[in-house]
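# Examination of the molecular architecture
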Amino acid sequence: MKGLKGKNVLVTGATSGIGKAIAARFAVEGANIAINYRNDPEKAEDTEKLIEEMCSQVKGCGGKEMRVEGDVSQEQDIIRMCDEVISKFGSIDILINNAGIQIAADSHKLSADDLDKVLSVNLRGSFLCAREVIKHFLERGNGGIIINVSSVHEIIPRPQYVSYSMSKGGMENMTKTLALEYAPKGIRVNAIAPGATETPINEWSNDPQKKQKIVSHIPLGRTGNTEEMAAITAFLASDDASYITGQTIFIDGGLTLYADFLKPWSAGE
Ligand code: NAD
């Protein structure tokens, strides 16, 4: 894809699932990758192995990689993490706000602590990462790119996961607000909204029966994979998407079209 070769990309939560695939995809495009991990450097090593494996099949890979520790729910970690990447790579060109968690609970039983945990990673953490890289983009003066990893639950309510839905709903407005505020400075801010994607965050990934139930709601008849999420993330960060800002691209096999409406359902039909 145009314009990704040699770019410095920071991917939060790059040790698993969608973040790992995004890191590998940008590496294949020739970018330099800062792999953020929370507390387990061995997991960052796994991402490096995936990059190595994928790059062995592709000409023109050959960017640099670095590991950067940081808990995105901690402001000081985020500031240090961005500083480390800038001092090692010289700059950050692209931020991928991918780190995310979910906690299930009936909403009337959700503790303030659990609510705070989810919001502090998914929403506050993403904002603080964006804030830090925007400061850097403004100082160096030639724009920059932020991609937020949102969810179909940006718009689909999700009972028992109100904190997750709130975080992704907030992310939609954060994406639009930052996109509008910094468009005059050449900063593009977009989001992807994955549908049901097989990763460790979903316990159904290893349960064929539960998976089938989920698939029954997906018009394209299957769950998504991490490579599909990574491809659109790379596209949005590339020069091919140079006129797109403030948008969320849904990558969901049609989940947000509501499969139940495939059959006639209104009165009299
Ligand atoms: P995952 O559990 O495989 O990966 C989550 C990553 O975030 C891990 O690398 C984890 O270490 C990291 N992380 C968690 N808390 C962190 C913290 N405090 N600081 C730094 N890193 C932290 O899940 P995934 O499915 O790959 O999720 C990635 C993103 O995609 C999340 O934002 C999630 O909400 C979103 N998403 C996933 C799906 C899906 O079906 N898998 C659907 C929609 C959106």
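Look above for the structure.
Every residue gets a number counted from 1 within its own chain, in the order that chain's sequence is written. Reporting in this predicted model follows two pLDDT cut-offs: at least 70 for local features of residues, and 80 or more for side-chain atom pairs to be given and counted; totals over whole chains, interfaces and linings ignore these cut-offs and use all residues. Water and hydrogen atoms play no part in the side-chain values, which are based on all heavy atoms of the structure.

## A look at the site of the ligand
The criterion, for reference: Nearness is defined per residue: one heavy atom within 4 Å of the molecule or strand is enough. N or O atoms within 3.5 Å of each other form a polar contact, as long as, within protein, one can give a hydrogen and the other can take it, and as long as residues adjacent in sequence are counted only when both atoms are side-chain atoms. The protein chains shown are the only cover counted for residues, whose accessible areas, like all others here, come from Shrake-Rupley with a 1.4 Å probe. Helix and strand assignments follow DSSP, with helices taken as H or I runs no shorter than four residues and strands as E runs no shorter than two, numbered in order from the N terminus. Just so you know the grouping, Ala, Val, Leu, Ile, Met, Phe, Trp, Tyr, Cys and Pro go in nonpolar, Asp, Glu, Lys and Arg go in charged, and all remaining residues, Gly too, go in polar.
Taken together, 28 residues lie near the ligand, and Ser16, Asp71, Tyr164, Thr199 and Asn202 sit nearest. Take Thr15: an N or O atom from its side chain is 2.9 Å from an oxygen atom of the ligand. Within the side chain of Ser16, an N or O atom sits 2.5 Å from an oxygen atom of the ligand. A total of 820 Å² of accessible area belongs to the ligand in isolation, and the protein chains cover 92% of it. Every element with two or more residues in the shell around the ligand is listed here: helix 1 (17–28) and helix 5 (162–182). Its residues assigned to classes, the shell around the ligand shows eleven nonpolar, 14 polar and three charged.

## Brief notes about the pattern of salt bridges
Between side chains of opposite charge, pairing is possible as soon as their charged atoms come close. We count it as follows: Put simply, a salt bridge is a Lys or Arg side-chain nitrogen that is within 4 Å of an Asp or Glu carboxyl oxygen. Exposed residues in this analysis have more than 50% of their type's maximum accessible area, buried residues have under 20%, and partly exposed residues fall in between, with area computed by a 1.4 Å probe over protein chains only.
Tallied over the entire structure, the rule returns 17 salt bridges. The salt bridge involving Glu69 is made with Arg80; its shortest N-O contact spans 3.2 Å. On the criterion of sequence distance, the pair formed by Glu69 in strand 3 (residues 65–69) and Arg80 in helix 3 (residues 75–89) is long-range, its members being eleven residues apart. Using a relative accessible area of 28% as the deciding quantity, one classes Glu69 as partly exposed. The salt bridge involving Asp77 is made with Arg80; its shortest N-O contact spans 3.8 Å.

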